[in-house]
Amino acid sequence: MKQLLQKIAACRVCSEFLPLGPRPIVTASPKSKIMIVGQAPGLAVHQSGIPWDDQSGDRLREWLQVDKQTFYDPDQIALIPMGFCYPGKGESGDLPPRKECAPLWHQQLMEHMPEIRLTILIGQYAQRYYLGKRTGRTLTETVRHFKAYQPEYFVLPHPSPRNNIWQAKNKWFGQSVLPSLQSTVKDILQQADF
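For the structure given in this document, a descriptive report is provided here.

Conventions used here
- Residues numbered from 1 in each chain as written.
- Predicted model: local features only at pLDDT ≥ 70, side-chain atom pairs only at ≥ 80, totals over all residues.
- Heavy atoms only, no water.
- Helix = DSSP H or I, 4+ residues; strand = E, 2+ residues; numbered from the N terminus.
- Rg over C-alpha atoms; globule rule 2.2 N^0.38 Å.
- Buried < 20%, exposed > 50% of the residue type's maximum accessible area, 1.4 Å probe, protein only.
- Contact = heavy atoms within 4.5 Å.
- Pairing = 2+ DSSP bridges.
- Axes fitted to C-alpha atoms, helices over the stretch in contact; angles between N-to-C directions.

Description of the overall build of the chain
Step number 1: Check the secondary structure of the chain and you find 9 helices and 6 strands.
Step number 2: In terms of C-alpha radius of gyration, the chain reaches 16 Å, essentially the compact-globule figure of 16 Å for 194 residues.
Step number 3: Along the three orthogonal principal directions, the C-alpha set of the chain runs to about 45 × 45 × 30 Å.
Step number 4: Put simply, the chain has 194 residues, and 46% of those count as buried.
Step number 5: Restricting to contacts in the chain with at least 6 residues of sequence separation, those with at least 24 account for 72%.

Things to note about the pairing of strand 1 (residues 34–38)
Step number 1: Taken across its 5 residues, strand 1 has 5 buried, putting it largely inside the fold.
Step number 2: Neither face of strand 1 is open: one carries I34, I36 and G38, the other M35 and V37, and all of them are buried.
Step number 3: Pairing of strand 1 with strand 2 (residues 77–81), which is carried by 5 bridges, proceeds in the parallel orientation. In the strand pairing of strand 2, I36 is matched with L79.
Step number 4: In this structure, strand 1 lies alongside strand 5 (residues 118–122), joined through 4 bridges in parallel fashion. Counted as the bridge partner of I36 is I120 from strand 5.

Concerning the sheet that holds strand 2
As a general point, the strands of a sheet are linked pairwise by backbone hydrogen bonds and lie either parallel or antiparallel.
Step number 1: What the 4 strands build is an open sheet, ordered 2-1-5-6; its pairing is parallel. Sheet topology places strand 2 and strand 6 (153–156) at the edges, where each strand pairs with a single neighbour. Averaged over all pairs of adjacent strands, the angle between strand axes in this sheet comes to 20 degrees, irrespective of strand direction.

Let's talk about unusual backbone geometry
Step number 1: Here Q150 and P151 are connected by a cis peptide whose omega angle stands at 5 degrees.
Step number 2: Although it is not a glycine, W52 sits at a positive phi angle of roughly 55 degrees.
Step number 3: Tracing the backbone through its elements, the reader meets W52 in the loop between helix 2 (43–48) and helix 3 (55–64).
Step number 4: Judged by its relative accessible area of 12%, W52 falls in the buried class.
Step number 5: Positive phi is not limited to glycine here, since Q65 has a value of about 60 degrees.

Dropping the structure here:
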């Protein structure tokens, strides 16, 4: 795993398309129990080099009900985006994650993480990649049917503050999805302590 993470850190495959240059951001361990697959680092994360080191990360930890120490312990949680580097700004937020990363690195990472018990897919890019034709017509439809993807996967919208309106419109998310997520994560992490 150490060698693989070094190879990823040195990756320059799509450097010509990255406005701030490559800075792959990923954390993983052979002992990881939960894998969180997000989109791509935002500007703040690119600058700090720490995954989910922004408001979205604060909300994600709140959704999961895990503290920073647990969240950033790769023996507990692997943090693997669809695109490992900041893709740059688009018209309405950041550009989509680069398409090169997931096919190049995800399978190799998973082969080094035999203890994964749950993969949390955040946003449509991760969901389409991992679920393929099983995804709903919209992200809302996919998340509404979250139980259909268990126990292997848990599907979530992006925890960005930009999605406050979505959450306000979809009260069922806080009422049924988040309690189920929190209970699932707690069970896995508690078992990991034995």
